[in-house]
Amino acid sequence: MKTIRLKPGKERSLLRRHPWVFESAIAKGGGDRGETVRIESHEGQFLAWAAFSPDSRIRARAWSFDEAQRIDAAFLEATLARAVALRDRLAIDSDGVRLVHGESDGLPGLIVDRYGDTLVAQFTSAGVERWKGVLADALLRVTGLAKLYERSDASARSLEGLEPVTGWLRGGEGAPVELSLREHGWTLTLNIAEGHKTGYYLDQRDSRQRFAQYAERHAFSRVLNCFCYTGGFTVAALAGMRAAQAAGRGQGGAVISIDSSGPALARARTHVALNGFDPAQAEFVDADVNASLRQYLRDGQRFDAIVLDPPKFAPTAAHAERAARAYKDINRLALQLLVPGGVLFTFSCSGGISGDLFHKIVASAGADAGVDGYILERLGGAPDHPMTLEFPEGEYLKGLVVMRKA
């Protein structure tokens, strides 16, 4: 077994069970791509078993902190089984579920989502790539499913020196890649070969439901959904409006959804129809969000609620300063476009933007807009996207619900 020896004082994070070892922390030692290595302190104390990655700044990712643990097929299958068992204990109102969430489930670099009877996996680190075949077979045994599609085309793979790979990994040859899922009583569709991430943004499942609840309670009549992708928040808004109208607390309403992807907007239109909403209530705009927000402001338009769910502006902390300016700009414009008492659902999925920093960015946007607001809620990823005590980096998705003061 090859050994990695750390520099003096660099063992502290591993002693706290944080799973990453950076290149700068290593005094000597190495291994092949994905090989299991022994991590020791400068004094020779055992710290962890980890997968080595010679190409990444994160040189090793810990599998286990137990010196007696063997990293083998049985270990990996047991770890997968624990992850799946956790999801069985969660009250998830959907047949689209994240079964494995990387480091948070003890499987660094592995993402597995389930859409009905189909699994979709991303192998984004050298360690899980080396064990891919073992993990694929174990996933089918643990879940009892027969189809596993691989979406190992995330940019993180290139940082590990790995080429993108997509296609059926187990079963599924000739099976459709167009799937549907049920979420909170809504019907949504996705394409596991072409959609973002593994095909859909499951992490926003609970926030979509929360937005529907706000739309019902406040009887929104005009909603703006920015970076709408395939219209999950659009469906949520229309569902809330319909519930409010049924309860005699509104007259329905309209949702404007903006995205720069024509295919995504076409799918969003399909979702409106699939869920029985009046197409006249939904306007779809193929345009740049920033330019659209500025135009709405010039036109004197105002909205009862706005959703800002942009793509990842800051993948790492090194991009945080530039990303902060982009987040501030769109939030400043959105706050100005809200009516008094209007509600903003604003998100950042950037790992390089902490929750505290995101709060400060939105507060600064409000100051520049001359708008004060109440933070009604803080939002995050759905519970099947867990964050552990030892790995705060798992909290990549941050959200605020802000009500503009009257």
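Residues numbered from 1 in each chain as written. Predicted model: local features only at pLDDT ≥ 70, side-chain atom pairs only at ≥ 80, totals over all residues. Heavy atoms only, no water.

## A few points about the sheet that holds strand 16 (residues 282-286)
As a reminder of what qualifies: By definition, two strands form a pair when at least two bridges between them are found by DSSP. Strands here mean DSSP runs of E at least two residues long; helices mean DSSP runs of H or I at least four residues long; both are numbered from the N terminus. Every angle, taken between N-to-C directions, lies between 0 and 180 degrees, and every axis is a line fitted to C-alpha atoms, over only the stretch in contact when it is a helix. Note on contacts: a residue pair is in contact if any heavy atoms of the two residues lie within 4.5 Å.
If you trace the 7 strands from one edge of the open sheet to the other, you get 16-15-14-17-18-20-19, paired in mixed fashion. Looking at which strands have only one partner, the edges of the open sheet turn out to be strand 16 and strand 19 (373-380). Going across the sheet, the axis of each strand differs from the next one's by a mean of 15°, ignoring polarity. Here strand 19 pairs with strand 20 (residues 398-404) via 7 bridges, running antiparallel. The residue of strand 20 that forms the bridge with tyrosine 374 is methionine 403. On the sheet, helix 7 (residues 232-246) packs against strand 14 (222-226), strand 15 (254-259), strand 16, strand 17 (303-308) and strand 18 (338-348) and is oriented at approximately 175° with respect to strand 15.

## Considerations on the layout of surface pockets
Rule in force here: Using a 1 Å grid laid over the protein atoms alone, points where a 1.4 Å probe fits but cannot get out form a cavity; open sets with protein on both sides within 12 Å along at least 5 of 7 lines form a pocket; any residue with an atom within 4 Å of a point counts as lining. Grid points are joined across faces, edges and corners, and a volume is the space filled by probe spheres set on the points. Under the convention adopted here, Pro, Cys and the residues Ala, Val, Leu, Ile, Met, Phe, Trp and Tyr are nonpolar, Asp, Glu, Lys and Arg are charged, and Gly plus all remaining residues are polar.
Looking at the second largest pocket, its volume works out to about 460 Å³. Trp63, Glu103, Ser104, Asp105 and Gly106 are, among the 20 residues lining the second largest pocket, the residues nearest its centre. Of all the secondary structure elements, the ones that give two or more residues to the lining of the second largest pocket are strand 6 (58-64) and helix 2 (73-89). Broken down by element, the residue count for the lining of the second largest pocket peaks at 5 residues, all from helix 2. A class-by-class count of the residues in the lining of the second largest pocket yields 9 nonpolar, 5 polar and 6 charged.

## Observations concerning the packing of aromatic side chains
To describe a pair of aromatic rings, one takes the distance between the centres and the angle between the planes. Threshold: Paired rings are identified among Phe, Tyr and Trp, the last through its six-membered ring, by centres lying within 6.5 Å, and are further divided according to the angle between planes into stacked (under 30 degrees), edge-to-face (over 60) and tilted (the rest). When accessible area is computed with a 1.4 Å probe and restricted to protein chains, residues below 20% of their type maximum are described as buried, those above 50% as exposed, and intermediate ones as partly exposed.
Counting across every chain of the model gives 13 aromatic pairs. Ring plane angle 90° and centroid distance 5.0 Å describe the contact between tyrosine 149 and tryptophan 168, whose orientation is recorded as edge-to-face. You can see tyrosine 149 sitting in strand 10 (residues 147-152) and its partner tryptophan 168 sitting in strand 11 (residues 165-170), a full 19 residues away along the chain. For tyrosine 149, a relative accessible area of 7% gives the class buried. Note on tryptophan 168: relative accessible area 21%, which makes it partly exposed. Ring geometry for phenylalanine 211 and phenylalanine 233: centres 5.9 Å apart, planes at 80°, overall edge-to-face. One end of the pair, phenylalanine 211, is in helix 6 (residues 205-218); the other, phenylalanine 233, is in helix 7, and 22 residues separate them in sequence. Each member of the pair phenylalanine 211 and phenylalanine 233 is classed as buried.

## Examining the pattern of salt bridges
Note the following rule: For salt bridges, the criterion is a side-chain nitrogen of Lys or Arg within 4 Å of an Asp or Glu carboxyl oxygen.
Enumeration according to the criterion identifies 30 salt bridges in this entry. One salt-bridge network, in which partners are shared between bridges, spans Arg5, Arg38, Glu40 and Glu67.

## So, the sheet that holds strand 4 (residues 36-40)
Two modes of strand pairing occur in sheets, parallel and antiparallel, and in both the strands are linked by backbone hydrogen bonds. Read across the open sheet, the 6 strands follow the order 2-6-5-4-1-3; overall the sheet is mixed. Strands with a single pairing partner mark the edges of an open sheet, and in this sheet they are strand 2 (20-22) and strand 3 (26-28). Direction aside, the axes of adjacent strands within the sheet are offset by 40° on average. The pairing of strand 4 with strand 5 (residues 46-52) spans 5 bridges and is antiparallel. Within strand 5, the residue paired with isoleucine 39 across the bridge is alanine 48.

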